[in-house]
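# Summary of structural features
The residues making up each chain are set out below.
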Amino acid sequence: MQISPSILSADFANLEAELGAIRNADWAHVDVMDNHFVPNLTLGLPVVEALLRVSPIPIDCHLMIDDPDEWAPAYAEAGAQSVTFHIEAAANPRGLARTIRSAGARAGMALKPRTPWAPYEGLLPDLDMVLVMTVEPGFGGQSFMAGLLAKVRAVRESARRRGGEVWVQVDGGVSAANIEQCAEAGADVFVAGSAVYGADDAAAAIDELRELATRHAHRTPGVPGNAW
Ligand code: DX5
Ligand code: ZN
């Protein structure tokens, strides 16, 4: 059970200190937005390179950009430990996932809320993570869409059937109020922006989220004590 706080809700004037404040997390989630794929503009490769130089924890890049086939590999080459592209924007998702892996990063694929999972199940052997968006991508601080838990379950079930070691990430509105449901549905990596950086004590919020998720980890029915 891993927590990946989104620095989108951090103080952009003090990113080094803001990364230090979440050093007990498993990952730092960095939202790259290009103002084309989503109606918001955040940061790009030069800032990610700077973050990689100072981050005490690995960087989980979520690329909400057009043409990831062209732009995503550079994030892996720069040293980002996980690089996630959106399926809606990728021309050759299998080739892109393989390129990201061969550059040394974990390869993730994200789905917007209205994008179905079934057509992409066959990509699983080339993926290390599937990101199920639980808000429309573009902005932090939106409300969690519980209807997306069915997609989390479907992805987890596909991963179980194929016997792969695929992580399932949820991103958008995740908080102490819903992380248990996400974990029960089969998520094992949890992005939280406002729930971490909006808390008085970010480190304590991370510990609380991880503990709630761990207590409610998904179990395959009939297999006691054996997570999926
Ligand atoms: C939204 C981003 C999320 C966002 C999460 O497009 O992908 O990572 O920052 O922030 P919260 O947890 O506040 O919804
Ligand atoms: Zn994100």
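It should be noted that the structure appears before, not after, this text.
Starting from 1, residues in each chain are numbered consecutively following that chain's sequence as written. As they are written, the chains are lettered A onward and the ligands numbered 1 onward, keeping that order. Given that this is a predicted model, residues contribute local features only at a pLDDT of at least 70 and side-chain atom pairs are listed and counted only at 80 or more, while totals for whole chains, interfaces and linings are drawn from all residues. Processing note: side-chain calculations cover all non-hydrogen atoms of the structure and skip hydrogens and water entirely.

## Some remarks on the coordination of the zinc ion (ligand 2)
The criterion, for reference: The donor set comprises N, O and S atoms within 2.8 Å of the metal, extended to 3.2 Å for Na, K and Ca; water molecules are omitted, so apparent gaps in a site may simply reflect that omission. Angular criteria define each label, namely tetrahedral for four donors with all angles between 85 and 135 degrees, square planar for four and octahedral for six donors with opposite donors over 155 degrees apart and remaining angles between 65 and 115, and irregular for whatever fails these tests. Each helix corresponds to a stretch of at least 4 residues labelled H or I by DSSP, and each strand to a stretch of at least 2 residues labelled E; elements are numbered beginning at the N terminus. The buried label applies to any residue whose accessible area, calculated with a 1.4 Å probe on protein chains only, is under 20% of its type's maximum; exposed applies above 50%, and partly exposed to all values in between.
Distances from the zinc ion (ligand 2) to its protein donors, His29 (NE2), Asp31 (OD), His62 (ND1) and Asp171 (OD), fall at 2.1 to 2.3 Å. For the zinc ion (ligand 2), the 6 donor atoms in the first shell make angles of 71 to 173° at the metal, so the coordination geometry reads as octahedral. Sequence positions of the donors to the zinc ion (ligand 2) reduce to the motif H-x1-D-x30-H-x108-D. With a gap of 140 residues between them, Asp31 in strand E2 (residues 28-33) and Asp171 in strand E7 (residues 167-171) connect regions that are remote in the sequence. What makes Asp171 buried here is its relative accessible area of 8%.

## Overview of the packing of helix H3 (residues 68-77) against helix H4 (residues 93-102)
Definition in use: For helices, the fitted axis covers only the stretch in contact; all axes are lines through C-alpha atoms, and the angles between them, taken along N-to-C directions, range from 0 to 180 degrees. Under this scheme an angle from 65 to 115 degrees is roughly perpendicular, one under 35 degrees roughly parallel, and one over 145 degrees roughly antiparallel; angles in between are oblique. Crossing handedness is defined as follows: a turn of the near helix away from the far one that is anticlockwise and smaller than a right angle gives a left-handed crossing, while the clockwise case is right-handed. The contact definition used throughout considers only heavy atoms, calling two residues in contact when any of these lie within 4.5 Å. Any residue that is not Ala, Val, Leu, Ile, Met, Phe, Trp, Tyr, Cys, Pro, Asp, Glu, Lys or Arg is counted as polar, Gly included; the first ten are nonpolar and the last four charged.
Across the interface, H3 lies against H4 with an axial gap of 9 Å and an inter-helix angle of 15°. What the angle tells us is that H3 and H4 run roughly parallel. In this structure, H3 crosses over H4, and the sense of that crossing is right-handed. Within the contact between the two elements, H3 uses Pro68, Asp69, Ala72, Pro73 and Ala76 and H4 uses Leu96, Thr99 and Ile100. Looking at the contact of H3 with H4 residue by residue, the class counts come to 6 nonpolar, 1 polar and 1 charged.

## Comments concerning the side chain of Gln169
The criterion, for reference: Polar contact is the term for a pair of N or O atoms within 3.5 Å; when the atoms are in protein, one must be able to donate a hydrogen and the other to accept it, and sequence-neighboring residues count only if both atoms are side-chain atoms.
Inspection of the secondary structure puts Gln169 in strand E7. Separated by 2.9 Å, the side chains of Gln169 and Asp60 make a polar contact. Apart from residues lying up to four places away in sequence, Gln169 is in contact with Ser4, His29, Asp60, Met129, Val130, Leu131, Val132, Val189 and Val191.

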